Amino acid sequence: MAEHKKKPASSIPSDLPSPKHPPAAGSGETHEFLSRETLDALSTLQLLDMIVAKLPPRHPSLLDFVYLRERITGIEEMNFEAQRAIEKLDAIVEKLRSPAFRVGTFLMPIQPDTAHVCVSGTDYVCRLDPQVPLSGLQVGQRVLCNEAFVIVQGLGFDRSGPIVRIDELLSDGRLRIGQESGLSQLVIQRSQLLSKEKLKPGLEIRLDANQRIALEVVGVSRRTERSLEKVSSLPWQSIGGQDEAVQAIRDTIELPFLHRDLFRRFQHTVPKGFLLYGPPGCGKTLLGKATAFNLRQQILKETGQDHPEFFLHVKGPEILNMWVGESERQVRDLFAQCRERASEGALAFLFIDEAESILGTRRAGRYQSILSTLVPMFCTEMDGIEPLRNVVIILASNRADLIDPAILRPGRIDRKIRVRRPDQAGAQKIYEIYLTESLPLEEKPQELAAAVAEAQFARKEENAFLEVSYRSGKRDLLYRADLASGAIISAVVERAKSIAIRRSIDTARETSINRDDLLLALKLEYDENDLFPTTDVTEDWMKLTDFDPDNVIRLGPVRPRRANKPGSGIV
Ligand code: ADP
């Protein structure tokens, strides 16, 4: 259509006879006959003008021709406008029909006119439009490629993309990253933006859409927020009434670490850690930390080498995260951190409290799908740890029976160490640990400790604490002694201090901790200790005991619990 672009011609071509001086009819002038091509080249108006020029002057049809000419002029102008509109539409249709440009990631220049580009996960060596200078393109930025995969324009950097964590820095600056949901790992390069950035393992970075280039640091991953606990001085003697457990830990961990060569020579299997199980507040965490402290001291003493301890304390439920893949990522991260620190010479401890929540048997429930991936993953991570390579895993649980047997297989965590509630002698020892000589005491520490332990363990009515109804119809009473723990004992001593301080303030005299303070503190502590549930719900109380839930239909306080705890703070 585009070839009919003649503007309506209102004048006559100069080679034609002028209509103003047409040859007169019958004047004897010879009529020129124009060729067909010349006629074809004329517009309608020109033809008309030529015809009019041939008419004799004052011909009766002249006026009609003038009118006809106006009509033709109007039509030709309309045609001209219509053609212009059609041409415009044509151009638009052409644009709409042309294929989309592709967006790729610029990986690196190859030659002055070619570059390595990744488009939708596939690599191409693309030519460059001469208008686009190669020197203006930066590694990692997006480029527009036309149908022939020629780079026709440089765009900015991707604004969105997956976030991953750096696992390792390779010597040439490239980065190894852990695939969050998949199994494989990737090595990626840095974009020009990050070429000089100081990066380190653990940082979270954003990748381009093709997952080939690290574009920006988006933050420090959660690993630094995790509770990294400082292990204070904790000699074994600072733990009371747990001699059996302490001995078991020392045999399990200290012996192989201190006599590595002997264990290797006899090819004796060495555990990668152990499980501490028992009721809450009885010292599992304390034993874990004491293991770290004492192992460091022992190794220092025996070998002269000091390996500072790195104690990662994690609560199982904290790992259960609602984001798909996040829990797995955290577990992998915990192991990675321990390995990293161990390779730097530290003695790394991974202490997982309430372990049954993440390593429980894959029973049905809300977290079933997470557990079914966490347990095998934990096993794989554990299998990747070489024994005696300065990484020790300690699990703690109130419900060891719920932990998946796969975790507790030989070569993994095959030592189960029971942490019992203290008996009277054990309780007395713990009281002695907290009632130190340096405190103002009215009697010798041993005497006070013996007195309060005896009061706590007496099986008399005022000590009756819980009532249990068995399925068989039998009923029983549990006494304070049956729920004694190191945590309660240390809290009793703290409360007795508060009572003595209050007395000192009230009487304006120097006072010391006496038996009555301890006995009052004991009573209040059982009424109010945070370890005990504030409700009468059987299930809550069951968690504190070893009862088989199938055999018990009710377990609750002898006296209903008070909703408002009176006497908190200084009594
Ligand atoms: P668990 O981990 O078994 O729930 P913890 O180790 O956290 O218990 O104990 C809580 C606190 O109770 C400890 O910080 C410590 O003050 C005290 N405690 C518990 N058991 C003992 C113990 N056997 N000897 C001395 N203190 C203890």
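Residues numbered from 1 in each chain as written. Predicted model: local features only at pLDDT ≥ 70, side-chain atom pairs only at ≥ 80, totals over all residues. Heavy atoms only, no water.

S.K.: Sorry, what's going on with the overall build of the chain here?
M.R.: What the chain contains, in helices and strands, is 15 helices and 19 strands. Expressed as a percentage of its 571 residues, the buried residues of the chain come to 42%. Considering only contacts in the chain between residues 6 or more positions apart, those separated by 24 or more positions represent 64%. (Helix = DSSP H or I, 4+ residues; strand = E, 2+ residues; numbered from the N terminus. Buried < 20%, exposed > 50% of the residue type's maximum accessible area, 1.4 Å probe, protein only. Contact = heavy atoms within 4.5 Å.)

S.K.: Quick question: what am I supposed to make of the environment of Phe65 here?
M.R.: Along the chain, the position of Phe65 falls in helix 3 (residues 62-97). For Phe65, the contacting residues outside a window of four places in its chain are Leu48, Ile51, Val52 and Leu55.

S.K.: Mind showing me how you'd approach the environment of Gly140 here?
M.R.: Here Gly140 is to be found in the loop between strand 3 (122-127) and strand 4 (142-145). Accessibility expressed as a relative area gives 2% for Gly140, which makes it buried. It is 7.2 Å that separates the C-alpha atoms of Gly140 and Asp208, two residues lying 68 residues apart in sequence. Not counting chain neighbours up to four residues away, the residues in contact with Gly140 comprise Thr105, Phe106, Phe157, Ser191, Ile213 and Leu215.

S.K.: Whenever I open this one, empty space enclosed by the protein confuses me. Can you help?
M.R.: It is the rolling of a water-molecule-sized probe over the atoms that shows where space remains empty. This structure, assessed with the given rule, holds four cavities of 30 Å³ or more. Approximately 40 Å³ is the volume attributed to the second largest cavity. Classifying every residue of the lining of the second largest cavity by side-chain character gives six nonpolar, one polar and one charged. (1 Å grid on protein atoms, 1.4 Å probe; cavity = no way out; pocket = protein on both sides within 12 Å on 5 of 7 lines; lining within 4 Å. Points joined across faces, edges and corners; volume = space filled by probe spheres on them. Nonpolar A, V, L, I, M, F, W, Y, C, P; charged D, E, K, R; others polar.)

S.K.: How should I be thinking about the site of the ligand in this particular structure?
M.R.: Close to the ligand lie 17 residues, the nearest being Gly240, Gly281, Lys284, Thr285 and Tyr434. For the ligand, whose free accessible area comes to 550 Å², the fraction covered by protein is 79%. Every element with two or more residues in the shell around the ligand is listed here: helix 6 (284-303), helix 11 (424-434) and helix 13 (486-507). The two domains that each donate at least three residues to the shell around the ligand are domain 4 (227-418) and domain 5 (440-563). (Near = heavy atom within 4 Å. Areas by Shrake-Rupley, 256 points an atom, 1.4 Å probe, with all protein chains shown as cover. Domains from an automatic or database assignment.)

S.K.: What exactly am I supposed to notice about the packing of aromatic side chains here?
M.R.: The description of an aromatic ring pair rests on the distance of the ring centres and on the angle between the ring planes. Enumeration according to the criterion identifies 10 aromatic pairs in this entry. Measuring from ring centre to ring centre gives 5.0 Å for Phe465 and Phe532, while their planes differ by 55 degrees; the resulting arrangement is tilted. Here Phe465 is found in strand 17 (residues 464-470), whereas its partner Phe532 is found in the loop between helix 14 (515-528) and helix 15 (538-542), with 67 residues between them in sequence. Phe465 gets classed as buried once you look at its relative accessible area, which sits at 7%. Relative to Trp541, the ring of Phe465 lies with its centre 5.9 Å away and its plane at 75 degrees, an arrangement referred to as edge-to-face. (Phe/Tyr/Trp six-rings, centres within 6.5 Å; stacked < 30°, edge-to-face > 60°.)

S.K.: Would you explain the sheet that holds strand 19 (residues 552-557) in this entry?
M.R.: Sheet strands pair via backbone hydrogen bonds, and the direction of the pair is either parallel or antiparallel. With antiparallel pairing, the three strands of this open sheet are ordered in space as 18-17-19. For this open sheet the edge positions go to strand 18 (475-479) and strand 19, each flanked by a neighbour on one side alone. Neighbouring strand axes in the sheet, compared pairwise and without regard to direction, differ in orientation by 20 degrees on average. (Pairing = 2+ DSSP bridges. Axes fitted to C-alpha atoms, helices over the stretch in contact; angles between N-to-C directions.)

S.K.: Got a minute to help me understand the nonpolar core in this structure?
M.R.: Across soluble globular proteins, nonpolar side chains have a tendency to be buried as a group. Ranked by size, the top nonpolar core spans 36 residues in total, and within it Tyr431, Leu518, Phe532 and Leu555 carry the most contacts. The set of elements that each furnish at least two residues to this core consists of helix 11, helix 12 (445-457), strand 17, helix 13, helix 14, helix 15 and strand 19. Ranked by the residues each element gives to this core, the list is headed by helix 13, at seven residues. Not counting the four nearest positions on each side in its chain, Leu555 is found in contact with Leu466, Glu467, Val468, Leu478, Asp536, Val537, Thr538, Trp541, Met542, Thr545 and Phe547. Counting residues in hydrophobic clusters, the runner-up holds 34 residues, among them Ala346, Leu350, Leu374 and Ile385. (Core = buried A, V, L, I, M, F, W, Y, C linked by side-chain atoms within 4.5 Å.)

S.K.: Explanation requested: helix 2 (residues 44-54) in the structure shown.
M.R.: Given 3.6 residues to a turn, an α-helix orients residues that are three or four positions apart in the same direction. Regarding helix 2, the residues found buried are Leu45, Gln46, Leu48, Asp49, Met50, Val52 and Ala53. Next to the buried residues of helix 2 lie helix 1 (36-41) and helix 3.

S.K.: What should I look at first to understand the pattern of salt bridges in this one?
M.R.: One pass over the full model with this rule turns up 31 salt bridges. Connected through salt bridges with shared partners, the residues Arg165, Asp167, Glu168, Arg176 and Asp333 form a single ionic network. (Salt bridge = Lys/Arg side-chain N within 4 Å of Asp/Glu carboxyl O.)

The values reported here are purely geometric and, on their own, carry no functional implication.
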